[in-house]
Amino acid sequence: MKKLIITALFIGSALTGFSQILPSFQLGLKGGANLSKLSTENTFSSDNRAGYYAGLWARIGAAGIHLQPEVYLSGKNSTLKRSGSGEENEVKFTSMDVPILVGTKLGAAGIGLRLNTGPVVSFILNEEQSLGQAAGSAFSGDFKGQSFAWQFGAGLDISKIGIDLRYEQGLSKIGQNGYDDTKLSLFTLGLAFKLF
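My aim in this report is to walk through the structure given alongside it, one point at a time.

So, how was this worked out
Residues numbered from 1 in each chain as written. Predicted model: local features only at pLDDT ≥ 70, side-chain atom pairs only at ≥ 80, totals over all residues. Heavy atoms only, no water. Phe/Tyr/Trp six-rings, centres within 6.5 Å; stacked < 30°, edge-to-face > 60°. Helix = DSSP H or I, 4+ residues; strand = E, 2+ residues; numbered from the N terminus. Buried < 20%, exposed > 50% of the residue type's maximum accessible area, 1.4 Å probe, protein only. 1 Å grid on protein atoms, 1.4 Å probe; cavity = no way out; pocket = protein on both sides within 12 Å on 5 of 7 lines; lining within 4 Å. Points joined across faces, edges and corners; volume = space filled by probe spheres on them. Nonpolar A, V, L, I, M, F, W, Y, C, P; charged D, E, K, R; others polar. Polar contact = N/O pair within 3.5 Å; in protein donor to acceptor, adjacent residues only side chain to side chain. Arc of directions from axis to C-beta. Contact = heavy atoms within 4.5 Å. Pairing = 2+ DSSP bridges. Salt bridge = Lys/Arg side-chain N within 4 Å of Asp/Glu carboxyl O.

## Digging into the packing of aromatic side chains
Any two aromatic rings considered together are summarised by their centre-to-centre distance and by the angle between their planes.
Right, on to step 1. Counting across every chain of the model gives 3 aromatic pairs.
Right, on to step 2. Taking the centre distance of 4.9 Å and the plane angle of 50 degrees together, the rings of Tyr-53 and Tyr-72 count as tilted. With Tyr-53 in strand E2 (residues 44-62) and Tyr-72 in strand E3 (residues 65-82), the pair connects residues that are 19 residues apart, well separated along the chain. Residues Tyr-53 and Tyr-72 agree in their burial class; the two are buried.

What follows is the structure, given as structure tokens:
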């Protein structure tokens, strides 16, 4: 009897460890709020303003590491103030953001903490680039003239629901609405729902 119990425990622990090595695929929806701030090299300062984001995520993982590509629409807002004169300009724009994150997940039984980081390409949507054109550029790998950033984040998964908190630092200038020397940084807080 002891041998049977020990054998069952050994097989159970081996299967649990092996399940961490097997590839997995997940797909879901996500949405939330962002706080945007622009940094400039000239006489402007910027205030944080709230915006939104909504889209899709996928997670492909094995051996405790996952790749998480996402695509979502993001409304970004900020207020630029000219130092000295106090003149204010509101900057609002929409972008299609494509993060490609690498991460790890710690936990078991449907509850887990995720850590991830990776690059983000933002396709600014305006009269020069529609959503269809941005999607075509993203899927063909044409990133010329787009805005680049880097994201760092953490998430908590409970069954099919996830909560994500991230920070994004602009690496390139956005060149939007005549503000060619501005970089965007933002915080995002969102909810994710796993479809499968």
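That covers the picture; the talk isn't over yet.
## Some thoughts on empty space enclosed by the protein
Right, on to step 1. Taken as a whole and judged by the stated rule, the model has 1 cavity of 30 Å³ or more.
Right, on to step 2. What the largest cavity holds in volume is close to 50 Å³.
Right, on to step 3. Mapped onto the lining of the largest cavity, the elements with two or more residues apiece are strand E5 (111-125), strand E6 (147-158) and strand E7 (161-170).
Right, on to step 4. The biggest single contributor to the lining of the largest cavity is E6, with 3 residues.
Right, on to step 5. The residue makeup of the lining of the largest cavity, split by class, is 6 nonpolar, 4 polar and 2 charged.

## Brief notes about the side chain of Ser-36
Right, on to step 1. On the secondary structure map, Ser-36 appears in strand E1 (residues 24-40).
Right, on to step 2. Only 3.5 Å separates the side chain of Ser-36 from the side chain of Asn-34, close enough to count as a polar contact.

## What to know about helix H2 (residues 131-140)
Right, on to step 1. Residues Ala-134, Ser-137 and Ala-138 constitute the buried set of H2. Looking straight down H2, one finds its buried side chains confined to an arc of 100 degrees; they lie on one side. Facing away from the buried side of H2 by over 90 degrees, the exposed positions are Gly-132, Phe-139 and Ser-140.
Right, on to step 2. Where H2 is buried, its residues meet strand E4 (88-108) and E5.
Right, on to step 3. In the stretch just after H2, Gly-141 is the one whose phi turns positive, near 80 degrees.

## Things to note about the pairing of E7
Regular strands show a simple pattern: their side chains alternate between the two faces of the sheet.
Right, on to step 1. Alternating residues of E7 divide into Gly-162, Asp-164, Arg-166, Glu-168 and Gly-170, all buried, and Ile-161, Ile-163, Leu-165, Tyr-167 and Gln-169, none buried.
Right, on to step 2. The sheet contact formed by E6 and E7 spans 10 bridges and is antiparallel. When the bridges of E7 are listed, Gly-155 appears paired with Asp-164.
Right, on to step 3. Between E6 and E7, which pair antiparallel one after the other, the connecting turn spans 2 residues, and Ser-159 there sits at a positive phi close to 60 degrees.

## Describing the environment of Thr-94
Right, on to step 1. Looking at where Thr-94 falls in the secondary structure, it is placed in strand E4.
Right, on to step 2. The spacing of Thr-94 and Leu-125 is 31 residues in sequence and 5.6 Å in space, taken between C-alpha atoms.
Right, on to step 3. If we ignore the near neighbours within four places in the chain, the residues touching Thr-94 are Tyr-52, Ser-74, Gly-75, Phe-123, Ile-124 and Leu-125.

## Side note on the environment of Ser-130
Right, on to step 1. If you trace the backbone, Ser-130 turns up in the loop between E5 and H2.
Right, on to step 2. Between the C-alpha atoms of Ser-130 and Met-96, which are 34 residues apart in sequence, the distance is 9.8 Å.

## Some points on the side chain of Asp-97
Right, on to step 1. Tracing the chain through its elements places Asp-97 in strand E4.
Right, on to step 2. Judged by its relative accessible area of 1%, Asp-97 falls in the buried class.
Right, on to step 3. Within the local environment of Asp-97, its side chain forms a polar contact with the side chain of Ser-122, the two groups lying 2.8 Å apart.

## Some words on the pattern of salt bridges
Oppositely charged side chains may form a pair once their charged atoms are brought near each other.
Right, on to step 1. Counting across every chain of the model gives 8 salt bridges.
Right, on to step 2. Where Asp-157 meets Lys-105, a salt bridge forms, and the shortest distance between an N and an O atom there is 3.3 Å. Placement of Asp-157 in strand E6 and of Lys-105 in strand E4 is noted, with a sequence separation of 52 residues between them.
Right, on to step 3. The buried category is assigned to Asp-157, whose relative accessible area is 7%.
Right, on to step 4. For Lys-105, a relative accessible area of 34% translates into the label partly exposed.
Right, on to step 5. Linking Asp-164 and Arg-114 is a salt bridge whose minimum nitrogen-to-oxygen distance equals 2.9 Å. Taken together, the residues span a long stretch of sequence, with Asp-164 in strand E7 and Arg-114 in strand E5 at a distance of 50 residues. Accessibility classification places Asp-164 together with Arg-114 in one group, the buried group.
Right, on to step 6. In the salt-bridge network here, residues are joined through shared partners; they are Lys-30, Arg-59, Glu-70, Lys-105, Arg-114, Asp-157, Asp-164 and Arg-166.

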